[in-house]
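# Report on the structure
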Amino acid sequence: MPLQVEMPPGGKHQQGTVVIGIINNMPDSALQATEKQFSALLAGAAGARPVRLRPSYLPEIARGPQARERIDACYWPLEELLADAPDALIVTGAEPHASDLEAEPYWQRTVDLIQWAQAHGTPSVWSCLAAHAAVLALDGIRRQRLSEKRFGVFTHSLTAQHPLLRGVCDALVTPHSRWNELPVEALRSAGYTLGSISAETGADCFVREGEAPLLCFQGHPEYEAVTLLLEYRRDVGRFLRGERDAWPAAPRGYFSPDALTKLGAFRAKAENADDPSTVFSDFPTQELAAGLTAHWHGDAVRIYSNWLDQVSETCARARPFHRIRI
């Protein structure tokens, strides 16, 4: 198979094979879903190219027993991953607990990882909150809190003829789910190439060029069709249990009119219940999922295929004897 998920200790780093380390920092509830999303996306992007995916983690992120068991069994300790230097990195966001990223327990480890990638000339992808951390560490650009959650599927215009966007639709559709964003003008002033942008979401996809190029996403092209549905259901559950003050807004540009009608009926039922938490089991998950498709997936595959081309070119010209192990 072109894509293999490789467990530690792994095999020899063979010529012609692209080895990608994916640092999965998502919360326990999304840990395996994130593995599945990126594995499927990279499998589509790899084509006939042999790719090995090595999952890893930041040890400062607290884990429950089940997630810890999976990490211990299937993930590479970060030091071991970097010791057998991968050809590229993908770093996912973590659930934030502090308003200031520099106050997070994993901040210094993230900075160390960014510095490692820069020192080794390693191409990398930084997803959502990880992108916010990367531009803060490298260029001092701070994220800004939004007045409401940026949640849904949004259409973006391409603003640059960048090789990473070769073959991508001019109206690029990407899911977003975040409470913060990076100022567009600050990214431009720091020299980032903005690949896709919209008035609603700001910068969607952007690149920091150099010997170790960074491809950053504020959105989530890796999401499956039902991912936003499951996030929305989670937020509804938090409201019904009294863990949040307001009923969550449905993701924009995602549900059909019929689905929104079903959601309205469920909300009315919950609001009329003596104990709203008791109706959560009636949330129409299966009915809503039946009408959803990941129509953004084709362009996501093309972007990652172009990125793998970039990684392969970097491997071919930079430190070939360092990267090829016999």
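I will try to describe carefully the structure that is included in this document. In this text, all values refer to a predicted model and were calculated from it rather than measured experimentally.

Glancing now at the overall build of the chain. When helices and strands are counted, the chain shows eleven helices and ten strands. Scaling as 2.2 N^0.38, a compact globule of 326 residues should have a C-alpha radius of gyration of about 20 Å, and the chain matches this with 20 Å. With respect to the three principal axes, the spread of C-alpha positions in the chain is 70 × 45 × 40 Å. When each of the 326 residues of the chain is scored for burial, the buried share is 53%. For the chain, the proportion of contacts with a sequence separation of at least 24, taken over those separated by at least 6, is 75%.

Another point: the pattern of salt bridges. For the structure shown, the criterion picks out 27 salt bridges. For E60, the salt bridge is made with R109, and the minimal N-O distance between the two is 2.7 Å. Highlighted residues: E60 in the loop between β3 (51–56) and α2 (65–74) and R109 in helix α4 (residues 107–120), separated in sequence by 49 residues. Residue E60 is classed as partly exposed on the basis of its relative accessible area of 28%. Between D299 and R302 there is a salt bridge, with the nearest N and O atoms lying 2.9 Å from each other. Highlighted residues: D299 and R302, both in helix α10 (residues 297–317), separated by three residues, approximately one helical turn. Residue classification places D299 among the buried residues on the basis of a relative accessible area of 10%. For R302, a relative accessible area of 37% corresponds to the partly exposed category.

With that settled, consider the packing of α4 against helix α5 (residues 129–139). Working note: a packed helix pair is described by the angle between its axes plus the distance between those axes. Put simply, α4 and α5 touch, their axes get as near as 10 Å, and they point 70 degrees apart. As summarised for this structure, α4 and α5 are arranged roughly perpendicular, according to the angle between their axes. Residues W107, T110, V111, I114 and Q118 of α4 pack against A133, A134, L136, A137 and L138 of α5. Tallied by class, residues from the contact of α4 with α5 come to eight nonpolar, two polar and no charged.

Right, let's talk about the nonpolar core for a bit. Generally speaking, a soluble globular protein has its nonpolar side chains buried in company with each other. I23, L113, W126, L187, L194 and F206 are the most contacted members of the largest nonpolar core, which has 38 residues in total. Where this core is concerned, the elements lending two or more residues are α3 (78–83), β4 (88–91), α4, α5, α6 (184–189), β8 (193–198), β9 (202–208) and β10 (214–217). Considering each element in turn, this core owes the most residues, seven residues, to α5. If we skip the residues at most four places from it in the chain, L187 touches V135, I141, L182, Y192, L194, A203 and F206. F38, L42, I303 and W307 belong to the second-largest nonpolar core, a separate cluster that totals 30 residues.

A sheet is described by the order of its strands in space; here ten strands give the open sequence β1-β3-β2-β4-β5-β10-β9-β8-β6-β7, paired in mixed fashion. Because the sheet does not close on itself, it has two edges, and the strands there are β1 (3–5) and β7 (171–181). Between one strand axis and the next, the sheet turns by 25 degrees as a mean value, whatever way the strands run. As defined by bridge partners, strand β2 (residues 18–23) adjoins β3 across six bridges and the pair is classed as parallel. Pairing of I22 across the sheet is with P55, part of β3. Sitting on the sheet, helix α1 (residues 31–46) is in contact with β1, β2, β3 and β4, with an inclination near 150 degrees to β1. Sitting on the sheet, α4 is in contact with β2, β4, β5 (124–127), β9 and β10, with an inclination near 155 degrees to β4.

The next point concerns the pairing of β3. Most of β3 sits out of view: six of its six residues are buried. Taking the sense of rotation as the criterion, the β-α-β connection linking β2, α1 and β3 turns out right-handed.

Let's shift gears to the packing of α1 against α10. Where α1 contacts α10, the two axes come as close as 8 Å, and the packing angle between them is 65 degrees. What the angle tells us is that α1 and α10 run roughly perpendicular. In this structure, α1 meets α10 at a crossing whose hand is right-handed. The residues of α10 that touch α1, namely those facing F38, L41, L42, G44, A45 and A46, are H297, A300, V301, Y304, S305 and L308. By residue class, the composition of the contact of α1 with α10 is nine nonpolar, three polar and no charged.

The rules behind these values
- Residues numbered from 1 in each chain as written.
- Predicted model: local features only at pLDDT ≥ 70, side-chain atom pairs only at ≥ 80, totals over all residues.
- Heavy atoms only, no water.
- Helix = DSSP H or I, 4+ residues; strand = E, 2+ residues; numbered from the N terminus.
- Rg over C-alpha atoms; globule rule 2.2 N^0.38 Å.
- Buried < 20%, exposed > 50% of the residue type's maximum accessible area, 1.4 Å probe, protein only.
- Contact = heavy atoms within 4.5 Å.
- Salt bridge = Lys/Arg side-chain N within 4 Å of Asp/Glu carboxyl O.
- Axes fitted to C-alpha atoms, helices over the stretch in contact; angles between N-to-C directions.
- Parallel < 35°, antiparallel > 145°, perpendicular 65-115°, else oblique.
- Nonpolar A, V, L, I, M, F, W, Y, C, P; charged D, E, K, R; others polar.
- Core = buried A, V, L, I, M, F, W, Y, C linked by side-chain atoms within 4.5 Å.
- Pairing = 2+ DSSP bridges.
- Right-handed = clockwise from strand over helix to strand, strands pointing away.
- Left-handed = near helix turned anticlockwise from the far one by under 90°.

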